[in-house]
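Structural description and commentary
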Amino acid sequence: MRNNMRNNIYKLIIGGLMCLCLTGCQKAPEKVVEDMKEYGENEQKKESEITYCSPQELKNLDVKAIMGKGYRVRIPDNVDFSRVEDVCELTVKFKENFVADYEKKYAELFGFDLSKLEESRGVGGRLKQGDDEEKKIHYGIRDNGLLAYMSGHWFDDATESKVEGRYDIFKDDIENVKIDFAGDSIRLSDMCKKSEEWFNTNIGTDTLTYNVTDALVRNVSYGSENVKRLSLCGEFAYKGIFFNNHLFDISEESGTEYTSILTNSVVSEYEAADDMVKLVVNDCLFEVTDAKKLDKIVDFESALRIVEEELTGFRLFEFCDVMPLYVMETVSDESGGIDPKAPGIELKARPVYAFLEKGDLSSDEMPDDITIALNKYRRYVYVDMVTGEFVTDIEK
């Protein structure tokens, strides 16, 4: 039995929220401060004028032409803003009463007996979860939109797990990548489409776009039985810009207080082309309730100058990814606590340019119980696309 593994879905999500609540205004951990000694003093910092562009101009931007001007900050050659449709200041609302509205529907979808559910309350509202030992099915659902289903081998203890491949769906050429399930071979691109179609048909959202963004292929052993397992991580976007779904070491308060954790992804796992053995909608589901469309935004070259002026005095910075993201702002109650995932809560989401340092993907033990995207990035820099505000978890 793997009760601990299944319970971790809920415990790790709550733990991530607690880290968010506790780290927003704290000093950086000693290890992070020690790591940052390599950066030194920034003696080159200066301020320059911010210039602006339209979202359409950003969409059509030739990033290589800008980087040819000799900026010291290094970014990938494949930075791409072509998916941007609009840039907005957003209000989003998390699901509420998700248990009452959908527990029967999804129990029937997953073949689960509702009488086996046990109820509790905590972060995110009412939670119902349970195991069907005979069918080897785990099912959980929470008021703010969390949904969890695991079956088959998830009830067994793996003796070995080896990563065979990791893929960034939007950057890697996956068209000829095939997944060799037992007795079945299918292209990774087709599996991504299958997963997206399943989600949109059976769950879906009214205001957001869902796309698979990362894939992890593993060979998992259960004694003498070897199983090929494909994990697909999907994320949500609004008008071509994804919401932040990445975990970082710390969150430093700098003017506006941003959350550094938003594990709102969907992880689905397959052991055959038509055998989905796991589905987890992490943390919550939400919808956009208000969108203030922006006619002009800080242009990318201004964002690049801001990052360079803030950081290049430390060392030559190299980022593995640069992208637009929507980042949630935290909400505090009267006592100063932060509960960003309460059912029905409304939060503001701001558009930023995100400059991301590569994380540690060397371990075979990927923490995909929450999301494949964890550990993908080490540290972040945000430049607000409206105000030009600079926010980072790099301790200066």
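1. A look at the nonpolar core
Among the nonpolar cores identified, the biggest contains 83 residues, and L188, F243, F300, Y353 and F355 are the most heavily contacted of them. Ignoring anything within four residues of it in the chain, the contact list for Y353 reads L58, F81, I297, V298, D299, F300, A303, M323, V381, Y382, V383 and M385. Of all hydrophobic cores here, the second largest spans twelve residues; its members include V327, V352, A354 and V391.

2. Notes on the side chain of D321
Considering the arrangement of structural elements, one finds D321 in strand β17 (residues 321-328). Among residues more than four places away in sequence, those in contact with D321 are P76, D168, K171, A354, F355, L356 and Y377.

3. Focus on unusual backbone geometry
In the Ramachandran plot, N97 falls in the positive-phi region, its phi being about 60° despite a non-glycine side chain. Among the secondary structure elements, N97 is positioned in the loop between β2 (88-94) and α5 (98-110). Backbone geometry places K239, a non-glycine residue, at a positive phi of 50°. Among the structural elements, K239 can be located in the loop between β11 (225-238) and β12 (241-243). Here K239 falls in the partly exposed class, since its relative accessible area comes to 34%.

4. Re helix α6 (residues 188-202)
For α6, which comprises 15 residues, the first-to-last C-alpha distance of 21 Å matches the rise-based estimate of 21 Å (1.5 Å per residue) to within 8%. Every buried residue of α6 is listed here: L188, S189, M191, C192, S195, E196, F199 and N202. Positive backbone phi, at 70°, marks G204, one or two positions downstream of α6.

5. Overview of the pairing of strand β10 (residues 209-222)
Buried residues dominate β10, accounting for eleven of its 14 residues. Pairing geometry for strand β7 (residues 160-168) and β10, over eight bridges, is antiparallel. Note on β10: the bridge partner recorded for Y167 is A215. Between β10 and the antiparallel strand that follows it, β11, lie two residues; G223 among them carries a positive phi value of about 65°.

6. Let's talk about the packing of aromatic side chains
All chains considered together, the criterion is met by 21 aromatic pairs. An angle of 10° between the planes, with centres 6.0 Å apart, marks the rings of F300 and F355 as stacked. In this pair, F300 sits in helix α7 (residues 300-311) while F355 sits in strand β18 (residues 346-358), placing the two residues 55 residues apart along the sequence. Following the ring pairs from residue to residue traces out a cluster consisting of F94, F199, Y210, F236, F243, F286 and Y326. Positioned above the aromatic ring of Y238, the side-chain terminus of K239 is 5.9 Å from the ring centre.

7. Regarding α5
Given 3.6 residues per turn, any residue in an α-helix points the same way as the ones three and four places further on. Taken as a whole, α5 carries its principal kink of about 30° at K104. The complete set of buried residues in α5 reads F98, V99, E103, Y106, A107 and F110. Buried residues along α5 sit in contact with β4 (125-132), β5 (137-142), β6 (147-151), α6 and β14 (275-281). Phi turns positive one or two residues past the end of α5, at G111, with a value near 70°.

8. Things to note about the pattern of salt bridges
Opposite charge on two side chains allows them to pair when their charged atoms are near. The tally for this structure, following the rule as stated, stands at 18 salt bridges. Here E287 ties to K95 by a salt bridge, and the two come within 3.6 Å at their closest N and O atoms. Remark: K95 occurs in the loop between β2 and α5 and E287 occurs in strand β15 (residues 286-293); sequence separation between them is 192 residues. With its nearest N and O atoms 2.7 Å apart, the salt bridge here joins D384 to R350. Placement of the pair is D384 in strand β19 (residues 377-384) and R350 in strand β18, with a sequence separation of 34 residues.

9. Concerning the confidence of the model for the protein chain
With 74% of its residues at a pLDDT of at least 70, the protein chain reaches an overall mean of 81. Throughout residues 248-262 the model reports pLDDT below 50, and contacts reaching past four residues in sequence, or to other chains, amount to 74 contacts. Taken together, the stretch residues 363-372 has pLDDT below 50 and engages in 40 contacts with residues farther than four places along the chain or on a different chain.

What counts as what
- Residues numbered from 1 in each chain as written.
- Predicted model: local features only at pLDDT ≥ 70, side-chain atom pairs only at ≥ 80, totals over all residues.
- Heavy atoms only, no water.
- Core = buried A, V, L, I, M, F, W, Y, C linked by side-chain atoms within 4.5 Å.
- Buried < 20%, exposed > 50% of the residue type's maximum accessible area, 1.4 Å probe, protein only.
- Contact = heavy atoms within 4.5 Å.
- Helix = DSSP H or I, 4+ residues; strand = E, 2+ residues; numbered from the N terminus.
- Expected span 1.5 Å × (residues − 1).
- Pairing = 2+ DSSP bridges.
- Phe/Tyr/Trp six-rings, centres within 6.5 Å; stacked < 30°, edge-to-face > 60°.
- Lys NZ or Arg CZ within 6 Å of the ring centre and 35° of its normal.
- Bend = angle between axes of the 7 residues up to and from the residue.
- Salt bridge = Lys/Arg side-chain N within 4 Å of Asp/Glu carboxyl O.
- pLDDT = per-residue confidence, 0-100.

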